[in-house]
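Results of the structural survey
So you can see what is in the structure, the chains are spelled out below.
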Amino acid sequence: MPDSLYILAGIAVCALCTVALRVAPFALFRGGRQMPPAVRRLAMKLPAAIIAVLVVYCLKALPDSSLPASAATLVSVAAVVVLHLWKRNTLLSIAGGTILYMALLRLI
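Report on the accompanying structure. These figures come from a predicted structure and were not determined experimentally. (Residues numbered from 1 in each chain as written. Predicted model: local features only at pLDDT ≥ 70, side-chain atom pairs only at ≥ 80, totals over all residues. Heavy atoms only, no water.)

Focus: the environment of Gly32
Mapped onto the elements of the fold, Gly32 is located in the loop between α1 (4-28) and α2 (37-59). By relative accessible area, Gly32 is classed as exposed at 67%. Counting along the chain gives 67 residues from Gly32 to Ile99, while the straight-line C-alpha distance between them is 43 Å. (Helix = DSSP H or I, 4+ residues; strand = E, 2+ residues; numbered from the N terminus. Buried < 20%, exposed > 50% of the residue type's maximum accessible area, 1.4 Å probe, protein only.)

Section: unusual backbone geometry
In the Ramachandran plot, Arg88 falls in the positive-phi region, its phi being about 55° despite a non-glycine side chain. Tracing the backbone shows Arg88 in the loop between α3 (67-87) and α4 (90-107).

What about the layout of surface pockets?
The calculated volume of the largest pocket comes to roughly 730 Å³. Surrounding the largest pocket, 17 residues form its lining, Val55, Cys58, Val77, Val80 and Ile94 being those nearest its centre. Listing elements by their share of the lining of the largest pocket, those giving two or more residues are α2, α3 and α4. Here the lining of the largest pocket is composed, by residue class, of 10 nonpolar, seven polar and no charged. (1 Å grid on protein atoms, 1.4 Å probe; cavity = no way out; pocket = protein on both sides within 12 Å on 5 of 7 lines; lining within 4 Å. Points joined across faces, edges and corners; volume = space filled by probe spheres on them. Nonpolar A, V, L, I, M, F, W, Y, C, P; charged D, E, K, R; others polar.)

Considering a nonpolar patch on the surface
A cluster of nonpolar side chains, namely Leu42, Leu46, Ile50, Ile51, Leu54 and Val55, defines an oily patch on the protein surface of about 540 Å² accessible area. Looking at where Leu54 falls in the secondary structure, it is placed in helix α2. (Patch = residues over 30% accessible without salt bridge, like charges linked within 9 Å, V, L, I, M, F, W, Y side chains within 5 Å. Areas by Shrake-Rupley, 256 points an atom, 1.4 Å probe, with all protein chains shown as cover. Salt bridge = Lys/Arg side-chain N within 4 Å of Asp/Glu carboxyl O.)

Comments concerning the packing of α3 against α4
Direction vectors running N to C along α3 and α4 enclose 155°, while the axes themselves pass 8 Å from each other. Classified by the interaxial angle, the pair formed by α3 and α4 is roughly antiparallel. Considering the relative orientation of α3 and α4, their crossing is right-handed. Here α3 contributes Ala69, Ala72, Thr73, Val75, Ser76, Ala79, Val80, Leu83, His84 and Lys87 to the contact with α4, which in turn contributes Thr90, Leu92, Ser93, Gly96, Gly97, Leu100, Tyr101, Leu104 and Leu105. A breakdown of the residues in the contact of α3 with α4 according to their chemical character gives 11 nonpolar, seven polar and one charged. (Axes fitted to C-alpha atoms, helices over the stretch in contact; angles between N-to-C directions. Parallel < 35°, antiparallel > 145°, perpendicular 65-115°, else oblique. Left-handed = near helix turned anticlockwise from the far one by under 90°. Contact = heavy atoms within 4.5 Å.)

Quick word on the side chain of Ser70
Within the secondary structure, Ser70 is located in helix α3. In this view, Ser70 contacts Leu62 and Ser65; residues no more than four positions away in its chain are not counted.

Regarding the environment of Val80
In this structure, Val80 sits in helix α3. Val80 sits in the partly exposed class, given a relative accessible area of 28%. Taking C-alpha positions, Val80 is 5.0 Å from Gly97, a pair spaced 17 residues apart along the chain. The contact partners of Val80, leaving out residues within four places of it in the chain, are Ser93 and Gly97.

A word on α1
In this model α1 runs 36 Å from its N-terminal to its C-terminal C-alpha over 25 residues, within 8% of the 36 Å that 1.5 Å per residue would give. The sharpest bend along α1 reaches about 30° and sits at Arg22, with the proline Pro25 one to four residues further on. (Expected span 1.5 Å × (residues − 1). Bend = angle between axes of the 7 residues up to and from the residue.)

So far we have only geometry, and geometry alone does not tell us how the molecule works.
See the structure below:
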């Protein structure tokens with residue numbers, strides 16, 4: 001079993017890397033310096049790509065799931081889409097879909 005100092009050192013290294021990665025963009029582009037075009041393109045395309053990957057990840061187990069779990073998932077996904085198209089509020093869409101999914105899993 002690892003000793004406490006080893007565990008604390010690992011946590012410190014992880015924390016330092018996280019802080020460094022969060023501070024790096026501000027350090028690189030401070031003073032009104034323009035972002036390179038490749039970074040600007042990534043900033044425009046990456047959020048949609050991440051959402052697409054998350055949707056695929058969430059739905060990848062759908063064919064192997066039981067019928068009630070698959071139905072709950074599909075109903076919840078439809079609810080997220082409808083809520084987002086209706087209110088255009090990401091937080092409401094995600095929270096509403098999550099709450100509906102959890103409720104359906106408990107009720108079915």
